[in-house]
Amino acid sequence: MQTRELAAGENTPLPATWRLTVTPAVPLLMVALDAADHVHGEPIPVVASALPMNLGALESSVQRCLLVAHGRRLPAATSELDLGESTLVVRSAAPGEAPATVLLECYRRAGGWKVRALGQHYAGGLPELGRVHGAMLTDAAGLAPAGPSNLDSAAGVSAGFGAGASTVDSSAGESTVQHDPETIQRHLNGIWEDASRSLVAYAESMAFADERRDNELGALLADPTRRSAGGPADGSADPDRSAIVDTQRAAVEARHGQIADLAARRRLDDLDQLVGELTALETTFPAPVAGWGAPVWQQPIGPDGVGIFRIGTLTRPDSQALRIPMVHHVSALGGICLENPAGVVDQAVRGLLHRILAAVPAGTEVAVVADDDQLAGFLGLPAPARRPDQNPLAELARQVDLHLMAAEAGAMADLPGALPGVVIVPWPALGFGAAEVAALDRIGVDGALLGLRLVLLASRNQLAGLGLRQQPRYLPVVAASVKDPWTGILWEFEPDEGTADAAVAQRISQRTGRPG
C-alpha cells in the first residue's frame, strides 16, 4: 500500500469514504463549518480508531470539516487516512500549552473533497476556536466521545462520521451551484488558498532539503577522519580517504536532490490540478465572471443578475499557467470604488462598468451623475436630464430619504417611482462641496439598505478625507501586488481588460432600464 505524508499546508484530493485513525488516543471533535465559515450543528466527539468516514452523506450546507484535538498537555499526534489502496499521513507537533489543535481539514472542491494538513494551535482552546467560527464552544465539549457504533444512526452533520451513513446529497451538483455568487467566490478563494499553501509547502520542503544538506556536509567536514585534507606524514593526500569523502558528499547531494525532486513534482501536481479545476470552472461561470472571450458573452445574459463580477486576474511568475479570477459583489455598504488614481475612464474602467451592469437584474435603472455626457455615452446610456437649478446628488439623496421613511412606515406602494438600481458617480461630480459629500454619504449607506448600488470612480486619497460614515470597497483597476490573506505570499493583480466587442457592449446596455 502506498503511503504519502502531507506537510503542514499541503492538500490533496480525498474520496468521500475512508477510515481515520489518530495516535496516540486524544480527545477529538469533528467540527462542521458552513459557507460563512461558521460552526454548523453541534461538534461531534469521536474516537478515531479506524473510524469510518462518509463525507458524501453530509448535508450540502456543510462546506468544511475540522478534526480538532483538545485537552491539556496534548502530545504530538499522527493522523492516518486509510483510503483503501493508499494511506495519507498527517503529523502534528505537540502544541505546548495550547489546549486545542486543528489537525486537518476536509473541504469541498469541484464537486468532490480535498484534505489539508494544518496543525493549527489555539492558545485559547475550544472557546477561541468557537469565536473564530461564530459559535460558543467550551473546553468541556466532547467529554463523552463516540465511536462508530453510536454514530451509525446519526443524521445531519454527524451522518458523515460513522459507518451507517450512506445517503449522498445530490443537490450539490457542480452544474447548478456555480451560478450562486457565494459558491463562486468561495470556490475561487479556495483555489487561491490552495495555490498559496502549495507554494509555501514547496518553499518549506526546499528549505528543509537545503538545511539537511548543509548539516550533513558540516558534520562531514567537522570530522577530521572524513576530511579529504591530511593523509600520510609526508603531507601527501590519502587517495583512499579522498575517494570515501567524495562518495559521502555525493550521497548527501543525492539525498538533497531526491527531496527537491519530490517537492517539485508535488508542486507541479498541485499546479496541474488547480489549472484543471479552473479550466472546468470557466465553462460554468455566468457572463459577469467569465473571461470576455468566453462563449457565454455571445448568448443572452440571464435576467436575474448574479450579483457578482470579475475585477481582474491573479497570477505569479512561477505559476503563469494558473490565472485565478478575482471577483467582488456588486452591492456593498458605502458602495464600491473603482480605484483609478489617474481619473481616466479607460477601457479597463469601462470593462468593469459593463460587468457591473451585466451582474444586476435586467431592467435595472442606471443613473450617471456627471458634469458631462461622456461616461453615459461610453456605456450606451442616454444622457442624464439636468436642470440648472438642481443638484442631482442632493436630489437623489432626498429620494433615498423619502424611500427609507416609506419603508419604515410600510408605505412603499404609495411612492410615485422607484430608486435607480445603480448610480455611477465619477470624481469630481459637481465639484464635491459639502452638500455633495452629505448627499453621497446618504446614498452610499442608506441607499444600500434599499438595494441601491453606488459605484464611484475615484482614488482612495480623494475619498479618505471626506468624513463618510462608511468608506466604499476599493477595487483596483491598475496592476498591483496583492498579498493572499492566508500565507502573505504576493500575487500580481492584472486588471480586467474590458471588451472591444461592440455587440457585447450594446447587449449589456440594452438590458438596463432607462430613467423615467
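This is a predicted model, so every value here is computed, not measured.

> Got a minute to help me understand the sheet that holds strand β17 (residues 453–458) in this structure?
Across a sheet, strands are paired by hydrogen bonds formed along the backbone, either parallel or antiparallel in direction. The parallel open sheet is built from 5 strands, whose spatial order is β15-β16-β17-β14-β18. Two strands bound the open sheet, and with one partner strand each, they are β15 (366–368) and β18 (473–476). Strand-to-strand twist across the sheet, computed as the mean angle between neighbouring axes with direction ignored, equals 20°.

> Sorry if this is basic, but what is going on with the environment of Gly488 here?
Secondary-structure assignment places Gly488 in the loop between β19 (480–483) and β20 (490–495). On the basis of relative accessibility, which here comes to 34%, the residue Gly488 falls in the partly exposed class. Distance from Gly488 to Arg197, taken between C-alpha atoms, is 10.0 Å for residues 291 residues apart in sequence.

> Can you walk me through the environment of Ser49 in this structure?
Secondary-structure assignment places Ser49 in the loop between β5 (44–46) and β6 (51–54). Taking the C-alpha atoms as reference points, Ser49 and Ser79, 30 residues apart in sequence, are found 10.0 Å from one another. The residues contacting Ser49, other than those within four sequence positions of it, are Leu20 and Thr21.

> Quick question: what am I supposed to make of the packing of aromatic side chains here?
The way to describe two aromatic rings as a pair is by their centre distance and the angle between their planes. The final tally for this structure, using the stated rule, is 2 aromatic pairs. Centroid distance Trp192 to Trp486: 5.2 Å. Interplanar angle 90°. Geometry classified as edge-to-face. Placement of the pair is Trp192 in helix α3 (residues 181–222) and Trp486 in the loop between β19 and β20, with a sequence separation of 294 residues. With a centroid separation of 4.4 Å and an interplanar angle of 25°, the aromatic rings of Trp292 and Trp297 are classed as stacked.

> Even after reading the chapter, I still don't get the packing of helix α7 (residues 392–409) against helix α8 (residues 434–449), so can you show me in this structure?
Helix-helix packing is described using two parameters, namely the angle between the two axes and the distance between the axes. Put simply, α7 and α8 touch, their axes get as near as 8 Å, and they point 35° apart. Crossing of α7 against α8: the hand is left-handed. Of α8, the residues touching α7 (which contributes Leu393, Ala394, Leu396, Ala397, Arg398, Val400, Asp401 and Leu404) are Glu436, Ala439, Arg442, Ile443, Asp446 and Gly447. Each residue belonging to the contact of α7 with α8 can be placed in one class, and the counts come to 8 nonpolar, 1 polar and 5 charged.

> Teacher, can you tell me more about helix α10 (residues 502–510) here?
Where α10 is concerned, the buried positions are Val504, Ala505, Ile508 and Ser509. For α10, the buried positions fall inside an angular range of 135° around the axis, keeping them on one side. Residues of α10 that are exposed and angled more than 90 degrees away from the buried face: Ala502 and Gln510. Those residues of α10 hidden inside the fold are in contact with α5 (347–359). A side-chain oxygen of the first residue of α10 lies 3.0 Å from the backbone nitrogen of Ala503; this N-cap is Asp501.

> When you look at the state of the cysteines in this model, what are you seeing that I'm missing?
By definition, a disulfide links two cysteine residues through a covalent bond between their sulfur atoms. On inspection of all chains with the given rule, the structure shows 0 disulfides. Cys65 takes part in no disulfide bond, and the closest cysteine sulfur, belonging to Cys106, lies 6.2 Å away. Take Cys65: its relative accessible area is 0%, and that puts it in the buried class.

> When you look at the pattern of salt bridges in this model, what are you seeing that I'm missing?
When the charged atoms of two side chains with opposite charge come close together, those side chains can pair. What the rule picks out here adds up to 26 salt bridges. Across the salt bridge formed by Glu10 and Arg266, the nearest N and O atoms sit 3.7 Å from each other. Taken as a pair, Glu10 in the loop between β1 (2–6) and β2 (11–14) and Arg266 in helix α4 (residues 239–282) lie far apart in primary sequence, 256 residues in all. Given the relative accessible area of 22%, Arg266 is considered partly exposed. Arg197 is paired through a salt bridge with Glu193; the nearest N and O atoms lie 2.9 Å apart. Here the residue Arg197 and the residue Glu193 both occupy positions in helix α3, the gap between them amounting to 4 residues, near one helical turn. The pair formed by Arg197 and Glu193 is uniform in burial state, with each residue classed as buried.

Definitions and limits used
Residues numbered from 1 in each chain as written. Predicted model: local features only at pLDDT ≥ 70, side-chain atom pairs only at ≥ 80, totals over all residues. Heavy atoms only, no water. Pairing = 2+ DSSP bridges. Helix = DSSP H or I, 4+ residues; strand = E, 2+ residues; numbered from the N terminus. Axes fitted to C-alpha atoms, helices over the stretch in contact; angles between N-to-C directions. Buried < 20%, exposed > 50% of the residue type's maximum accessible area, 1.4 Å probe, protein only. Contact = heavy atoms within 4.5 Å. Phe/Tyr/Trp six-rings, centres within 6.5 Å; stacked < 30°, edge-to-face > 60°. Left-handed = near helix turned anticlockwise from the far one by under 90°. Nonpolar A, V, L, I, M, F, W, Y, C, P; charged D, E, K, R; others polar. Arc of directions from axis to C-beta. Polar contact = N/O pair within 3.5 Å; in protein donor to acceptor, adjacent residues only side chain to side chain. Disulfide = S-S within 2.5 Å. Salt bridge = Lys/Arg side-chain N within 4 Å of Asp/Glu carboxyl O.

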